[in-house]
Protein chains: 2
Amino acid sequence: MDRRQATIKDVAKAAGVSFKTVSRVLNREPNVRDELRARVQAAADQLGYVPNVAARDLAGGRSFLIGLMYDNPSESYISQVQTGAINRCSELGHHLLVEPLERGDDAERTLRPIISRLRVDGLILTPPVCDSRTVLDIIEQAGVRYVRIAPDREIDRAPYVAMDDVAAAYEMTRHLLGLGHRNIGFIKGHPEHGATPRRLEGFLRAMDEAGLATPAERIQPGFFSFASGMEAAGRLLSLAERPTAIFASNDDMALGVLSMASRQGLAAPRDLSVAGFDDIPAAAMAWPELTTVRQPTEAMSRAATEMLIEASQARGAPIANRRLAYELVTRGSTAPPRSSRG
Amino acid sequence: MDRRQATIKDVAKAAGVSFKTVSRVLNREPNVRDELRARVQAAADQLGYVPNVAARDLAGGRSFLIGLMYDNPSESYISQVQTGAINRCSELGHHLLVEPLERGDDAERTLRPIISRLRVDGLILTPPVCDSRTVLDIIEQAGVRYVRIAPDREIDRAPYVAMDDVAAAYEMTRHLLGLGHRNIGFIKGHPEHGATPRRLEGFLRAMDEAGLATPAERIQPGFFSFASGMEAAGRLLSLAERPTAIFASNDDMALGVLSMASRQGLAAPRDLSVAGFDDIPAAAMAWPELTTVRQPTEAMSRAATEMLIEASQARGAPIANRRLAYELVTRGSTAPPRSSRG
DNA sequence: ATGAAAGCGCTAACAC
DNA sequence: GTGTTAGCGCTTTCAT
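All values reported here derive from a predicted model rather than from experimental measurement. (Residues numbered from 1 in each chain as written. Chains lettered and ligands numbered in written order. Predicted model: local features only at pLDDT ≥ 70, side-chain atom pairs only at ≥ 80, totals over all residues.)

Caption draft 1: The arrangement of the overall build of chain A in detail. Helix and strand counts for chain A stand at 13 helices and twelve strands. Since a compact globule built from 342 residues should have a radius of gyration of about 20 Å, the 26 Å found for chain A marks it as more spread out than a globular shape. Taken along its principal axes, the extent of the C-alpha atoms in chain A is 85 × 45 × 40 Å. (Helix = DSSP H or I, 4+ residues; strand = E, 2+ residues; numbered from the N terminus. Rg over C-alpha atoms; globule rule 2.2 N^0.38 Å.)

Spelled out as structure tokens, the structure:
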């Protein structure tokens, strides 16, 4: 029940070297002869030596702890983020501390302890808390490194990992093109949202590459809402050359498209293919189920974790943002256009 | 970005006392004059002092970390456990470390680091990993305190928090009694399972208190399986005095009862009320939805956390098991008996 | 390439 | 009641 843990000195004694040499071996520092390195390693293994994190933290200022801070109400989203972070942490010899920020909590009171007491090596922030200016202020003031996942505001304020909207929209458009569609309508997102121009860009790039022109009336404004999707669909479906497919910048709008189509007696995907973006839960419950793009949540979380740990190892080297490709989720709402039609 | 954190010595200087006195105040130790206590507290607040956990750990052997170890595939279950543990941790000045044990993982390799490196003050184990003898062996050998949530095997091997089966079964029986049932059939659980006699006890106690006798033939054996529930229901429904309600020791069996009843042309709850135990997902998808008993998962997790922290504060005082009351989930499968009948 | 010394911020044991 | 002296197990200088 109480076999005392071996310390670095026990290992040093067993290997017949100074304990500093053991420290060097453990930290993969240079300037140790291979022979010694092997001897020390053997002794450590034999004693089942495991370095004490508290001591390393106290002496070296690294806690080997990554904090995950969230206030997202979706269980499955958090669960995915957590899985990615935990796994990457464990691969890199770190551990994950989970800290929910209760809605309406005093952010300062919640953050202070985890920042100052535990001195995490880095903090991962998920939406929506990653967009809270107050929270960011507190964290920055405390001098703690952080990476945001899919931030939506003040994008350039700090390192983040996000989806590659351009690539995703490009890929979705290629999917539609591959099915044989040539006349594709596009519904833009909210004009204030950063993803809006990027998704449009991906769409246009794919169309361009396919040698297809896109007349301005085929690109309709939207506001990421169900209603705006319906309205935009109404405009697109009344065009002289009616699109055989509509790609909406998010699922809410795509669902609006679906609804408007059925009002007009058009059945998806027979008369109209519809694609969305986000893969919200309702996307899989619509009829037909919506073809869409899903955020690689777990991968983003792994990336964020890795960025943090690498920066802490490099003693504060700058962190480069990363954009990960989305995953295309092909479901029933997209199909080849009816050959009878144009 | 880099305002150095205040240390205990800074506070001591500001308050004009020795740093040991500050330590006393912070740890609520006795033997400090109130005046000094106040002075120190003020200085600490003013400097925004927060004790460094690594230093406390190193010096005092307490990490202020609680580990949550799980290998449960249910997201929502884990999420509930986590919420309970995090909240209680935060209330008691601790933090939660989350460590999943991958199925088929080398338990030893996963456990070692969190036990030896981080020296958690305690470990919470959820089912099914809390029933793994190998895992328990490793943890005990490392001398780490742990509490299991709802363990199923080797119950008396270590402290645990579980449901109060007796109270829950008692309450469910009261519910049936309250609806007006007098002739209630009961289906026992698997004879090897610890909960089996407890659930029966709760049932019998409620019947006794109501002054109702329960002839032996109204208590049928079962094995926690759907099939055994059907069979037991068959026997109960062919009794001369047919029960107006059947209380099965778990949901699988209750679902079997429902199925057997409808085969015999009996509609629940009109002709027969049925109650289960566990609140498995299928319980809410059956028709009628099953009245059952749900584990207070979050509360159990809070309790486990608290037990661990209290024990660590009391320097290894023995931990007493706790049994929490279940929550009654009243749904469509139970109703008053038909007045036309007995 | 290796080792000795100092100290991280705190608690524990003992003095006063 | 309060202060002093030692470490806890490591990493960091800085010698050698």
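Caption draft 2: Molecular detail of the protein's contact with DNA strand D. Among the 23 residues in the neighbourhood of DNA strand D, the closest are listed as Ile8(A), Ser23(A), Ala59(A), Gly60(A) and Lys20(B). Broken down by secondary-structure element, the contributors of at least two residues to the surface near DNA strand D are helix 2 (19–26) and helix 4 (53–60) of chain A together with helix 2 (19–26) and helix 4 (53–60) of chain B. The greatest single-element share of the surface near DNA strand D, amounting to five residues, is contributed by helix 4 of chain A. When its residues are assigned to classes, the surface near DNA strand D shows eleven nonpolar, eight polar and four charged. (Near = placed C-beta within 6 Å. Nonpolar A, V, L, I, M, F, W, Y, C, P; charged D, E, K, R; others polar.)

Caption draft 3: Focus on the sheet that holds strand 7 (residues 219–220) of chain B. All names here are of chain B. Pairing within the open sheet is parallel, and its four strands lie in the order 7-6-8-9. Lying at the two open borders of the sheet, with one neighbouring strand each, are strand 7 and strand 9 (273–275). Bridge count for strand 8 (residues 245–248) against strand 9 is three bridges, and the pairing is parallel. Its bridge partner being in strand 9, phenylalanine 247 is matched across the sheet by alanine 275. (Pairing = 2+ DSSP bridges.)

Caption draft 4: Spatial organisation of the protein's contact with DNA strand C. Near DNA strand C, the surroundings consist of 24 residues, among which Ile8(B), Ser23(B), Ala55(B), Ala59(B) and Gly60(B) are the closest. When contributions to the surface near DNA strand C are tallied by element, the ones reaching two or more residues are helix 2 and helix 4 of chain A together with helix 2 and helix 4 of chain B. Sorting elements by how many residues they give to the surface near DNA strand C places helix 4 of chain B first, with five residues.

Caption draft 5: Broad picture of the relation of the copies chain A and chain B. Relative to chain B, chain A is turned by 179° and slid 0.2 Å along the rotation axis, the superposed coordinates differing by an RMSD of 0.3 Å. Look at the turn and shift together and you get a two-fold axis relating the two. By C-alpha distance to the rotation axis, the residue of chain A lying nearest is Ala54(A), at 2.2 Å. Interface overlap between copies: 100% of the residues of chain A at the interface are likewise at the interface in chain B, consistent with a symmetric, same-surface contact. (Least-squares fit on C-alpha atoms with pLDDT ≥ 70 in both. Contact = placed C-beta atoms within 7 Å.)

Caption draft 6: Summary view of the sheet that holds strand 7 (residues 219–220) of chain A. If you trace the four strands from one edge of the open sheet to the other, you get 7-6-8-9 (chain A), paired in parallel fashion. Whereas interior strands pair on both sides, the edge strands pair on one side only; in this sheet they are strand 7 and strand 9 (273–275) of chain A.

Caption draft 7: Up close: the nonpolar core. Formed by 169 residues in total, the largest nonpolar core has its most connected members in Ile66(A), Leu97(A), Ile124(A), Ile66(B), Leu97(B) and Ile124(B). Not counting the four nearest positions on each side in its chain, Leu97(B) is found in contact with His95(A), Leu96(A), Leu97(A), Leu65(B), Ile66(B), Gly67(B), Leu68(B), Ile114(B), Leu118(B) and Val120(B). (Core = buried A, V, L, I, M, F, W, Y, C linked by C-beta atoms within 7 Å. Buried ≥ 20, exposed ≤ 12 C-beta atoms within 10 Å, placed from the backbone.)

Caption draft 8: Layout of the interface of chain A and chain B. Opposite the 31 residues of chain A that make contact, chain B presents 31 residues. Considered class by class, the residues forming the side of chain A that touches chain B number 15 nonpolar, nine polar and seven charged.

Caption draft 9: Quick look at unusual backbone geometry. Residue and element names in this part refer to chain A. The omega torsion of the bond from tryptophan 287 to proline 288 falls at -5°, within 30 degrees of zero and hence cis. Along the polypeptide, proline 288 turns up in the loop between helix 12 (281–285) and strand 10 (292–294). Of note, aspartate 278 is a non-glycine position whose phi angle comes to about 125°, a positive value. Inspection of the secondary structure assignment puts aspartate 278 in the loop between strand 9 and helix 12.

Caption draft 10: Spatial organisation of the pairing of strand 2 (residues 95–100) of chain A. Residues and elements named next belong to chain A. Extensive coverage of strand 2 is indicated by the burial of six of its six residues. Here strand 2 shows two buried faces, one formed by His95, Leu97 and Glu99 and the other by Leu96, Val98 and Pro100. Sheet analysis places strand 1 (residues 65–70) next to strand 2, joined by six bridges and oriented parallel. Note that in strand 2 the partner of glycine 67 across the bridge is leucine 97.

Caption draft 11: A look at helix 7 (residues 133–141) of chain A. All names here are of chain A. Taken as a whole, helix 7 has its buried residues at Val135, Leu136 and Ile139. Taken end-on, helix 7 shows its buried residues confined to a sector of 95°, consistent with a single buried face. Among the exposed residues of helix 7, those pointing more than 90 degrees away from its buried face are Arg133, Thr134 and Asp137. Taken together, the buried residues of helix 7 touch helix 6 (107–117), strand 3 (122–125) and strand 4 (146–149). Of the residues flanking the end of helix 7, it is glycine 143, one or two places downstream, whose phi is positive at about 75°. (Arc of directions from axis to C-beta.)

Caption draft 12: Region of the structure containing the environment of Glu217(B). Residue and element names in this part refer to chain B. On the secondary structure map, glutamate 217 appears in the loop between helix 9 (195–209) and strand 7. The class of glutamate 217 is exposed, set by 12 C-beta atoms lying within 10 Å. Distance from glutamate 217 to phenylalanine 186, taken between C-alpha atoms, is 9.4 Å for residues 31 residues apart in sequence.

Caption draft 13: Quick peek at the packing of helix 1 (residues 8–15) of chain A against helix 2 of chain A. All names here are of chain A. Following both chains from N to C, one finds helix 1 and helix 2 inclined at 105°, their axes separated by 8 Å at the closest point. The angle between helix 1 and helix 2 falls in the class roughly perpendicular. In contact with Ile8, Lys9, Val11, Ala12 and Ala15 of helix 1, helix 2 contributes Phe19, Val22 and Ser23. (Axes fitted to C-alpha atoms, helices over the stretch in contact; angles between N-to-C directions. Parallel < 35°, antiparallel > 145°, perpendicular 65-115°, else oblique.)

Caption draft 14: Region of the structure containing the packing of helix 2 of chain A against helix 3 (residues 34–47) of chain A. All names here are of chain A. Interaxial distance between helix 2 and helix 3 falls to 10 Å at its minimum, and their mutual angle equals 90°. As the angle between them shows, helix 2 and helix 3 are arranged roughly perpendicular. Mapping the contact onto sequence places Thr21, Val22 and Val25 in helix 2 and Leu36, Arg37, Val40 and Gln41 in helix 3. A class-by-class count of the residues in the contact of helix 2 with helix 3 yields four nonpolar, two polar and one charged.

No statement about biological role is implied by the geometric values presented.
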